[in-house]
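Geometric and topological summary
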2 protein chains.
Amino acid sequence: MEQIKQELIAIGKKAKNAKAKLANMSTNDKNKALLAMADALENNKDIILKANSVDIENGEKNGLTKALLDRLLLTEQRIIDIADGLRQVASLPDPIGEVMSGWQRPNGLKIYKTRVPLGVIGIIYEARPNVTVDAIGLCLKSGNVVVLKGGSEAINSNIAVVKIIQDAAREAGVPEGSIQLIEITDRAATGILLKMNDYIDVIIPRGGAGLIQMVVQNSTVPIIETGIGVCHTFVDASADFEMAEKIAINAKTTRPGVCNAMETLLVHESIASQFLPSMIKNFEQHEVEVRGCERTKAICPNAKSATEEDWYTEYLDLIVSVKVVNSVEEAIDHVMTYGTHHSESIITKDYNNAQKFKSEVDAAAVYVNASTRFTDGFEFGFGAEIGISTQKLHTRGPMGLPELTSIKYIVEGSGQIR
Amino acid sequence: MEQIKQELIAIGKKAKNAKAKLANMSTNDKNKALLAMADALENNKDIILKANSVDIENGEKNGLTKALLDRLLLTEQRIIDIADGLRQVASLPDPIGEVMSGWQRPNGLKIYKTRVPLGVIGIIYEARPNVTVDAIGLCLKSGNVVVLKGGSEAINSNIAVVKIIQDAAREAGVPEGSIQLIEITDRAATGILLKMNDYIDVIIPRGGAGLIQMVVQNSTVPIIETGIGVCHTFVDASADFEMAEKIAINAKTTRPGVCNAMETLLVHESIASQFLPSMIKNFEQHEVEVRGCERTKAICPNAKSATEEDWYTEYLDLIVSVKVVNSVEEAIDHVMTYGTHHSESIITKDYNNAQKFKSEVDAAAVYVNASTRFTDGFEFGFGAEIGISTQKLHTRGPMGLPELTSIKYIVEGSGQIR
């Protein structure tokens, strides 16, 4: 334990030392480094694939699910895609140095509100080696030092990838210590990291509910909570049935394992008996298991029964819970009671109900007549995404590069005193 | 303990219930309530003064310092000033509802980034009853529910003040539960409050280093860290001596007990022997105790010796530490090693050194040729201040009304799927 702590503090000190230099690295130099890192990944893909095959073998031995093994797996094409991701980050505007606003005070003081990096960002994530490169690219571009703590399942892939990136970065002039991976797989390391307020400015957990909750409960370092999504689609009395069905199928089935997928469909009682039979048939054709309330089951007896727990559940799977509600008010109540304030959609032709839903639903993204699946940095047009914040502090919704920054006020005077 | 917990959860539930209604209260209605609250305070000043006299009596018995008793004391004039503060908040623009930006995606989706309240804000503070009213006013105007936990020394004043404000607020249509005071003075209450993630969205501690650290170490609710300031003024080789002296005296002596006061003066070696004698004489005339490094003492033998600990210390008193440095680089190093990233100032005529100091010093506010005392919501022109953030997340520097808000993305579609 003490040895782990010492190793982590050494990483923290190196990170802290790199901070000021990296914050002042020019956009041109950061972009050159990103491109060099992308090339290095492609040029060394054999090394990466070999390391990845060890992780896959271990994963199979340890009985990882097929879905997890697929997330863990790297292929030649996936490495090319990951490298292209770095090139895309290089092409994005650099948020650092932006003067967000500036004004002059009556006493002549000139105040500039400028964007600066957050400093040292700790990223704690699970078994996806692509997150490693993603996070490195976004942190470097935004002038942030990154300390990575990936899942033990991907440790060999991560070590190989980070080594290659570090070498390319060093050669391109990125300050030593700007990109670091915690190679200790002992879970105690995470606990220590979460208390390293002297070295880490922000921690961003990326992963399932268990990981996020563990970080929320234990971190004394400020965190950005991401990504638990119990998202709803409410089909109002006036909805276009065809549109509603298309959106519901899209929100549920295109990628059921992601946080912006729909988990619960709410249907206005006045249209339930006309709308639900075709909708549920459509779900079944897409191999979606339907768990309905009593009124849903009265209309579609084939549906399983939803329990109270279902309304709280992020299935991350081809399962949907369906509830008939009396009104837009009951729909909003349900969303506020059981939702996670991530993404919520109303399908309606009624102006007043659209206005009501938009103003009374408190979530990162509130939709009218569109799929919740659009809550995503790329779909929003940010060109990048480090995660989706579901907390109120700092930022909310998809996080791109500007969301990885803080503020420095520059105040220019000529001898002013107060 | 269990009973305290139940009482706090009851407060939390009431707060959570008020959230949606308060978030949608119109600016006009909020302003009317603020003005009514201000009138109510003035109309009931006898009740407040009587309650305050009990706190003062208890404080005297318990041996509070003169400075603390003064902070605790309310007078007729102070109540009028506090009420005027509410009227001023009423006159400020309402941040809620602002569309910060909006754009259309290639698929026709219209995305609006809108400002919404943070939700429920917990304020933990010490023995200043004016903070009670300040916090209530700023939270109400920004549509946030507030749960107050003030110092036990001010409990009678706070109960009286909050009761009067609650009555006026209720009559003005503010949702029940929007303004609540935790009347339990048991310290255990704070510990419980810091873990109430289900009910409280953000906690803002206002007070001394001990309080802030306790909150940082124990809160699982997201917090905004405020106000520890070990602020420096660096007098560069090219400084205008008269300006430097005037700024240093201003930064040290006008209100030594606040966080933006200077604690350490750094002086370039090439001018130290010319500059320091008059500067230190000036400090002495202002009854400031000087603690110098060896080189300072060589020039001004009357100064006491500064220890390593002095460089870390926020005196909050008429004491200053003085250090002679070799260069702007050493000054920046010192600031980054011992400072708290609050407010830092360079006094110089040298363009390059000004640029260097501005870009390399990492602090909420970095000054050229001005007093650090300007780091303040009013001095920045925000018209209000709930505290000064010294963390990187969410916001940094003085916090006005917009800093008490979060984001909601509204996405309007016409059937878009992904």
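Reference entry: report on the structure contained in this document. (Residues numbered from 1 in each chain as written. Chains lettered and ligands numbered in written order. Predicted model: local features only at pLDDT ≥ 70, side-chain atom pairs only at ≥ 80, totals over all residues. Heavy atoms only, no water.)

1. Quick look at the pattern of salt bridges
All names here are of chain A.
- Under the criterion given, the structure shown has 44 salt bridges over all chains.
- Here Lys252 and Glu263 are joined by a salt bridge, their closest N and O atoms 3.0 Å apart. Of the two residues, Lys252 is situated in helix α10 (residues 241-253) and Glu263 in strand β8 (residues 262-268); the sequence distance between them amounts to 11 residues. In this structure, Lys252 and Glu263 share a single accessibility class: buried.
- Overlapping salt bridges bring together Asp39, Glu42, Asp84 and Arg87 as one network. (Salt bridge = Lys/Arg side-chain N within 4 Å of Asp/Glu carboxyl O. Helix = DSSP H or I, 4+ residues; strand = E, 2+ residues; numbered from the N terminus. Buried < 20%, exposed > 50% of the residue type's maximum accessible area, 1.4 Å probe, protein only.)

2. A closer look at the sheet that holds strand β6 (residues 202-206) of chain B
Residues and elements named next belong to chain B.
- Read from one edge to the other, the open sheet built from four strands follows the order β5-β4-β3-β6, with strand pairing classed as parallel. If you trace the sheet from one side to the other, it starts and ends with β5 (179-181) and β6, each paired once. Averaged over all neighbouring strand pairs, the angle between strand axes comes to 20 degrees, with direction disregarded.
- Where strand β3 (residues 120-125) lies against strand β4 (residues 145-149), five bridges are found, and the strand directions are parallel. Its bridge partner lying in β4, Ile124 is registered against Lys149. (Pairing = 2+ DSSP bridges. Axes fitted to C-alpha atoms, helices over the stretch in contact; angles between N-to-C directions.)

3. Some details on helix α6 (residues 129-141) of chain A
All names here are of chain A.
- Between its first and last C-alpha, α6 extends 19 Å over 13 residues, near the 18 Å set by a 1.5 Å rise per residue.
- Burial runs high along α6: 11 of the 13 residues are buried.
- What α6 keeps buried is the set Pro129, Val131, Thr132, Val133, Ala135, Ile136, Gly137, Leu138, Cys139, Leu140 and Lys141. (Expected span 1.5 Å × (residues − 1).)

4. Let's talk about the packing of aromatic side chains
All names here are of chain A.
- The tally for this structure, following the rule as stated, stands at 14 aromatic pairs over all chains.
- Taking 4.7 Å as the distance between ring centres and 70 degrees as the angle between the ring planes, the aromatic pair formed by Tyr312 and Tyr338 counts as edge-to-face. A residue pair is termed long-range when its members are at least 10 positions apart, and Tyr312 in helix α13 (residues 308-312) and Tyr338 in helix α14 (residues 328-338) qualify at 26 residues.
- By relative accessible area, which is 47% here, Tyr312 ends up partly exposed.
- Overall, Tyr338 belongs to the buried group, its relative accessible area being 13%. (Phe/Tyr/Trp six-rings, centres within 6.5 Å; stacked < 30°, edge-to-face > 60°.)

5. Thoughts on the relation of the copies chain B and chain A
- Take chain B, turn it by 180 degrees, move it 0.0 Å along the axis, and it overlays chain A with an RMSD of 0.0 Å. Taken together, the rotation and translation describe the operation of a two-fold axis. The rotation axis passes nearest to the C-alpha of His394 of chain B in chain B, at a distance of 1.6 Å.
- Of the interface residues in chain B, 100% have counterparts in chain A that sit at the interface too, so the contact is made through matching surfaces. (Least-squares fit on C-alpha atoms with pLDDT ≥ 70 in both. Contact = heavy atoms within 4.5 Å.)

6. Overview of the side chain of Glu263 of chain B
Residue and element names in this part refer to chain B.
- For Glu263, a relative accessible area of 0% gives the class buried.
- From its side chain, Glu263 meets the backbone nitrogen of Leu316 in a polar contact 3.4 Å long.
- Setting aside residues no more than four positions away along its own chain, Glu263 makes contact with Gly229, Val230, Cys231, Lys252, Thr313, Glu314, Tyr315, Leu316, Ile319, Val320 and Ser321. (Polar contact = N/O pair within 3.5 Å; in protein donor to acceptor, adjacent residues only side chain to side chain.)

7. Section: the interface of chain B and chain A
- Facing 71 residues of chain B, the contacting portion of chain A comprises 71 residues.
- When chain B packs against chain A, the two sides together hide about 5,700 Å² of surface, and 52% of this comes from carbon and sulfur.
- Looking only at chain B, the three residues that lose the most surface to chain A are Leu393, Tyr409 and Arg418 of chain B, adding up to 15% of its buried area.
- Linking chain B with chain A are six salt bridges, by the criterion used here.
- In this structure, Asp376 of chain A and Arg418 of chain B form a salt bridge, with 3.9 Å as the shortest nitrogen-oxygen distance.
- For the pair chain B and chain A, the interface holds 43 residue pairs in polar contact (both at pLDDT 80 or more).
- The set of elements that each furnish at least two residues to the side of chain B that touches chain A consists of β2 (110-117), α9 (209-218), α10 (241-253), α15 (351-360), β13 (365-370), β15 (397-399) and β16 (405-416) of chain B.
- Residue contributions to the side of chain B that touches chain A peak at 11 residues, all from β16 of chain B. (Buried area = accessible area lost by both parts, 1.4 Å probe.)

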